[in-house]
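Here are the chains, one letter per residue:
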Amino acid sequence: MTVGIFRALAALAMMTGLAGCIDHANDPVLLAVGVPVNPPAVAHGLCMTDGNAMYDEARKQYQLRAKLTGYAGADELEAETTARAAAHRQYVACLSGQGYRTLYAN
């Protein structure tokens, strides 16, 4: 019984130590502009969902345009760049609508 308790405590200590290793360097800091309706965590979650949906839609649209124009060898890097840019614009626009401004550390 005591061995199980010590193992559980050791596992908990290891998880706590490893949790400090998570990189949050690229996470945005949300600054309130005016009077935001939602707290920052809720606004970030909502806008991340919007950004992810825009990413998927931009990828689909790029592939569709490539098929329509007969460009069989669609450039994967260009598709990724276009989709990421569209997702970022959607995320920033959504946060702006929620009453926040994004600041990035880098």
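So, how was this worked out
- Counting from 1, residues in each chain are numbered in the order their sequence is written.
- Note on the predicted model: pLDDT of at least 70 is required for a residue's local features to be given, and 80 or more for side-chain atom pairs to be given and counted; whole-chain, interface and lining totals, by contrast, use all residues.
- Here the side-chain values reflect all heavy atoms present in the structure, with hydrogen atoms and water set aside.
- Helix and strand definitions follow DSSP, with helices as H or I runs of at least four residues and strands as E runs of at least two, each counted in order from the N terminus.
- Each residue is placed in one exposure class: buried if its accessible area under a 1.4 Å probe, protein chains only, is under 20% of its type's maximum, exposed if it is over 50%, and partly exposed if it falls in between.
- In this analysis, two residues are considered to be in contact whenever any of their non-hydrogen atoms come within 4.5 Å of each other.
- Residue-level accessible areas treat just the shown protein chains as cover; the underlying method is Shrake-Rupley with a 1.4 Å probe.
- By this rule the span expected of a helix is its residue count minus one, scaled by 1.5 Å.
- Definition used for salt bridges: Asp or Glu carboxyl oxygen within 4 Å of a side-chain nitrogen of Lys or Arg.
- The term polar contact refers here to a pair of N or O atoms within 3.5 Å; inside protein, the definition further demands a hydrogen-donor-capable atom paired with an acceptor-capable atom, and it admits residues adjacent in sequence only when both atoms are side-chain atoms.

Per an unreviewed UniProt entry, the protein chain carries the name Lipoprotein and comes from Rhizobium beringeri.

### Remarks on the overall build of the protein chain
Within the protein chain, the secondary structure is distributed over 3 helices and 2 strands. Taken from the N to the C terminus, the helices and strands of the protein chain come in the order α-β-α-α-β. Taken over 106 residues, the protein chain has a buried fraction of 19%. When contacts within the protein chain are restricted to residue pairs at least 6 apart in sequence, those whose partners lie at least 24 apart make up 73%. Accessible surface for the protein chain amounts to roughly 7800 Å². Of this, 64% is attributable to carbon and sulfur atoms.

### Section: helix 2 (residues 40-68)
Spanning 29 residues, helix 2 covers 41 Å between terminal C-alpha atoms, matching the ideal 42 Å at 1.5 Å per step. Those residues of helix 2 that fall on the buried side of the exposure criterion are A43, C47, G51, A58, R59, Y62 and A66. Contacts from the buried residues of helix 2 go to helix 3 (76-98) and strand 2 (100-103).

### A look at the pattern of salt bridges
On inspection of all chains with the given rule, the structure shows 3 salt bridges. For R59, the salt bridge goes to E80, with nearest N and O atoms at 2.9 Å. A residue pair is termed long-range when its members are at least 10 positions apart, and R59 in helix 2 and E80 in helix 3 qualify at 21 residues. One network of salt bridges, in which partners are shared, links R59, E76, E80 and R84.

### Focus on helix 3
An α-helical turn contains 3.6 residues, so any two residues separated by three or four positions project in the same direction. With 23 residues, helix 3 should reach 33 Å at 1.5 Å per residue; the first-to-last C-alpha distance of 33 Å fits that figure. Buried within helix 3 are the following residues: A79, A83, A86, A87, Y91, C94, L95 and Q98. Elements in contact with the buried residues of helix 3: strand 1 (29-32), helix 2 and strand 2. Capping the start of helix 3 is the job of one residue whose side-chain oxygen sits 3.4 Å from the backbone nitrogen of L77: D75.

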